[in-house]
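# What the coordinates show
In case you want the letters, here they are:
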Amino acid sequence: MSWTTRPASEAAGDIAAQIKGAGPVLVLVHGVGLCAEAWTKAGNELSASMEVHAVDMPGHGLSPLNDASSLGDFSNRIAQYIENIRQPVRVAGHSMGAMIAIQLAARTSLDVTAVAALNAIYRRDPAAARAVRARAADLPDDRASDPEITLQRWFGALTQTSLAPSADACRRWLTQADPKGYKAAYTVFAHQDGPEDELLRGLSCPALFLTGGRDPNSTPAMSHAMADLCPDGAVDVLTD
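Reference entry: report on the structure contained in this document. (Residues numbered from 1 in each chain as written. Predicted model: local features only at pLDDT ≥ 70, side-chain atom pairs only at ≥ 80, totals over all residues. Heavy atoms only, no water.)

## What about the overall build of the chain?
The condition that has to hold: The helix and strand labels rest on DSSP assignments: H or I over at least four residues marks a helix, E over at least two residues marks a strand, and numbering proceeds from the N terminus. Radius of gyration here is computed from C-alpha atoms only, and the compact-globule reference equals 2.2 Å multiplied by the residue count raised to the power 0.38. We call a residue buried when its accessible area falls under 20% of the maximum for its residue type, exposed when it is over 50%, and partly exposed in between, using a 1.4 Å probe and counting protein chains only. Any two residues having at least one pair of non-hydrogen atoms within 4.5 Å are treated as being in contact. Residue exposure ignores everything except the shown protein chains as possible cover, and the areas themselves are Shrake-Rupley values with a 1.4 Å probe. Charge convention: Lys and Arg are scored as positive, Asp and Glu as negative, and His as well as the terminal groups of each chain are ignored. Note that the charge is assigned to NZ on lysines, CZ on arginines, CG on aspartates and CD on glutamates.
Each helix and strand counted, the chain has nine helices and eight strands in total. Its C-alpha atoms give the chain a radius of gyration of 17 Å, near enough to 18 Å, the size a compact globule of 240 residues would have. Once the C-alpha set of the chain is aligned to its principal axes, its extents read approximately 40 × 40 × 35 Å. The buried share among the 240 residues of the chain stands at 49%. Long-range contacts, defined here as pairs at least 24 residues apart, represent 73% of the contacts in the chain between residues at least 6 apart. For the chain, the computed accessible surface area is about 11,200 Å², with 51% contributed by carbon and sulfur atoms. Considering the chain, the positive charge centre built from 20 side chains and the negative charge centre built from 27 side chains are found 2 Å apart.

Structure below.
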């Protein structure tokens, strides 16, 4: 079974998506500078038992930015897409997509039955906050930025190992990303400090927080802190 692309012009909220599989619906939200295609490998496995909707965030892939400039703007657009599905959904997001996924799970207007937040941030330390905001301020909005510094931060020396194909794919997505959409999303991401505590305490569905044990930006401590606030929170740390 191949992926079906739903262009933005056909989707509520003007959000494009790639869809595959049948069964309970899972909506996947990628991180800044990437696109729905980033979920292909995971989506291929998950689609064996679920109907997977990998969406393009506003300003990414085939979804237009349409002046989105706040986390609420990004979440609202994807919420409209989910409303058009008209059945319960599970939601998973990566990085900024994790912020969006948590906001979606907290909406009483949506029937979200479970949420997974991958590499989510929560209460950055002052140095990390300054660094990410400086990176956002330096991004151009009229041309593609050099992806190599970002790839070094994400992959380090692993770009020379078996993860090289993943690094190459990320290089292509970052290079092809719409500069205005990339800067807008990164600026939103940089000025967020993670979900509000009351939002986490109010989640009515199971919430999984997953990160890498050596991730310096989305640390295991952040995932544990968020899970501890949730009524039904769990943590999974990939130690290596």
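From this point, the narrative continues.
## Remarks on helix α5 (residues 148-155)
We count it as follows: This arc describes the spread of directions from the helix axis toward the C-beta atoms.
Taken together, the buried positions of α5 are Thr-150, Leu-151 and Phe-155. Burial along α5 is one-sided: seen end-on, the buried residues are contained in an arc of 105°. Where α5 is buried, its residues contact α6 (164-176) and α7 (179-190).

## As for the environment of Pro-140
Tracing the backbone shows Pro-140 in the loop between α4 (126-138) and α5. Among the residues examined, Pro-140 registers a relative accessible area of 14% and is labelled buried. If sequence neighbours within four positions are ignored, Pro-140 has contacts with Ser-145, Pro-179 and Lys-183.

## Comments concerning the side chain of Asp-56
Going by this rule: By definition here, a salt bridge exists when the distance from a side-chain nitrogen of Lys or Arg to a carboxyl oxygen of Asp or Glu is within 4 Å. Any pair of nitrogen or oxygen atoms within 3.5 Å is treated as a polar contact; in protein, a donor-acceptor pairing is required on top of that, and neighbouring residues in sequence qualify only through side-chain atoms on both sides.
Along the chain, the position of Asp-56 falls in the loop between β4 (51-55) and α2 (71-85). Among buried Asp, Glu, Lys and Arg side chains, Asp-56 stands out as unpaired, with Arg-77 the closest opposite charge at 10 Å. Only 2.8 Å separates the side chain of Asp-56 from the backbone nitrogen of Ala-36, close enough to count as a polar contact. Apart from residues no more than four positions distant in its own chain, Asp-56 is found in contact with Ile-15, Ala-16, His-30, Cys-35, Ala-36, Gly-61, Leu-62 and Ser-63.

## Remarks on unusual backbone geometry
Even without glycine at this site, Arg-86 takes up a positive phi of about 60°. Even without a glycine there, the phi angle at Arg-123 is positive, about 55°.

## Observations concerning the side chain of Asp-215
Mapping Asp-215 onto the fold places it in the loop between β7 (207-212) and α9 (220-229). Buried and unpaired, Asp-215 has Arg-153 as its nearest opposite-charge partner, separated by 8.5 Å. A distance of 3.0 Å separates the side chain of Asp-215 from the backbone nitrogen of Ser-218, its partner in a polar contact. When neighbours within four sequence positions are excluded, Asp-215 is seen to be in contact with Asn-119 and Pro-220.

## A short note on the environment of Arg-124
Position of Arg-124 relative to the elements: it lies in the loop between β6 (112-118) and α4. What makes Arg-124 buried here is its relative accessible area of 12%. Measuring from C-alpha to C-alpha, the distance between Arg-124 and Asn-217 comes to 7.8 Å, with 93 residues separating the pair along the chain. In this view, Arg-124 contacts Ala-129, Val-132, Phe-189, Ala-190, Gln-192, Asp-193 and Met-222; residues no more than four positions away in its chain are not counted. Among the polar contacts made by the side chain of Arg-124, one reaches the main-chain carbonyl oxygen of Phe-189 at a distance of 3.3 Å. Polar side-chain contacts of Arg-124 include one of 2.6 Å to the backbone oxygen of Gln-192.

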